[in-house]
Structures are given as structure tokens and as C-alpha cells.
Amino acid sequence: FLLLALLAYREGQRAAELNRYRYASLAAFLLALLSKETAMIFPALLALYDLTTDPPDRPRELLGRLWSRYLPYLAILVAYGGLRAIIPDLQVAPSGAPTISLGQRLLLVVRVFGEYLRLLGVPQDLHMERTVPLPTSLHDPMVLAGASALVFLIGLALWAWPRARFLTLGIG
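Here's a quick rundown of the structure.

Brief notes about the overall build of the protein chain
- Scanning the protein chain from terminus to terminus reveals seven helices and zero strands.
- Written out in order from the N terminus, the α and β elements of the protein chain read α-α-α-α-α-α-α.
- Counting all 172 residues of the protein chain, 24% fall into the buried class.
- Across the protein chain, every contact between residues at least 6 apart in sequence was considered, and the portion connecting residues at least 24 apart equals 60%.
- By element, 69% of the accessible surface of the protein chain is carried by carbon and sulfur atoms, the whole surface being about 11,800 Å².

Structural data, given as C-alpha cells:
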């Protein structure tokens, strides 16, 4: 659904007014949110897409885009967040699921990033029942590897930005 939303958004940018492609993009974004919560990143992806394909001439133009292009997506995101808070069936974790602190969750994200990179390089021990042990400190080797790779990719994206903006979108 996110790819459909991006393609419809791109077609909608060719017309000045809010047209059927822009409505289709908004509908696809809503369906993407309902099917997988990670679709929340779509407004940020749209901003990156616009910055790489059509950079603004001045900062004021960027603010204008925020209101005209991204506000409908942000409104859908806020409405979804409100519904998720009100309707118990939209809660992500089932009742009785273990909860972890924000700090542990952030360490886990970085560790999983390192694990994904390891699997890209050495695709062994692949199975659906994969569990990632919860890291307890920044000194965990996979947390360090994930953090190092993340810092490298951010640095590469910043370096490539003035040279090849579209490449930067692919790195990010």
C-alpha cells in the first residue's frame, strides 16, 4: 500500500490542485496504516522524496509544502493515533505480552539492525521462529555493530547529499 501511495502521490504532484491521484494516495496511506503500523513513516518518506526530486528554493517554500502536501497525511496519522488510543482492539501488544522500557526498546532496535545486516552478509540460520535476545547494555557486540553501521550510513547519506540526492534517498 505504501508503494501505491507513493506512486499516486507522484502522479498527483503533476497537477496543482488536489486531484484523484492525491485522494488515491491518501486512501492507500490509510490502508497501509491499517495493515501495518510501520506505515507511520510515510509522511517523512514523502518529505525526503520531495527534497531529493524537487528541492525547495527557499525555506519558506518548504513550509508551504508542509501545509499543502503533507498536512493531509499528518491528519490521517493523528486520527489513526486517536483511534488506536480509544479502541482497545487496535492495541499492538496482546494482553499479557511482556513490556520493555523505552531504553531497552531502543537498544533492541539497534541490535536488530545489526542482526539484519549480518543476515544480509551471512544468510545462515534463517527461520521464522527467530528471537532476538534483549540487549542489556551498549556493550553488546550486535548493538555496537548495529550502531556503527547506522552511524556509517548516516554519514554516507550526508556526504552523498550534495553530490547525488537520489542516492541519499536510497541510503536513508
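Right, picking up where we left off after that structure.
Considering the nonpolar core
- Of all hydrophobic cores here, the largest spans 16 residues; its most connected members are Tyr9, Phe29, Leu33, Phe42, Leu46 and Tyr73.
- If you list the elements that add at least two residues to this core, you get α1 (2-12), α2 (20-35), α3 (42-53) and α4 (59-86).

Topic: the pattern of salt bridges
- Under the criterion given, the structure shown has five salt bridges.
- Among the salt bridges present, the one from glutamate 11 reaches arginine 10, with a minimum N-O distance of 3.7 Å.
- Under the relative-accessibility criterion, glutamate 11 is labelled partly exposed at 23%.
- Put simply, arginine 111 and glutamate 115 hold a salt bridge, and the shortest N to O gap is 3.9 Å. Residue arginine 111 and its partner glutamate 115 are both found in helix α5 (residues 102-121); the two are separated by four residues, about one turn of the helix.
- On the basis of relative accessible area, arginine 111 is assigned to the buried category, the value being 12%.

Conventions adopted
Residues numbered from 1 in each chain as written. Predicted model: local features only at pLDDT ≥ 70, side-chain atom pairs only at ≥ 80, totals over all residues. Heavy atoms only, no water. Helix = DSSP H or I, 4+ residues; strand = E, 2+ residues; numbered from the N terminus. Buried < 20%, exposed > 50% of the residue type's maximum accessible area, 1.4 Å probe, protein only. Contact = heavy atoms within 4.5 Å. Areas by Shrake-Rupley, 256 points an atom, 1.4 Å probe, with all protein chains shown as cover. Core = buried A, V, L, I, M, F, W, Y, C linked by side-chain atoms within 4.5 Å. Salt bridge = Lys/Arg side-chain N within 4 Å of Asp/Glu carboxyl O.

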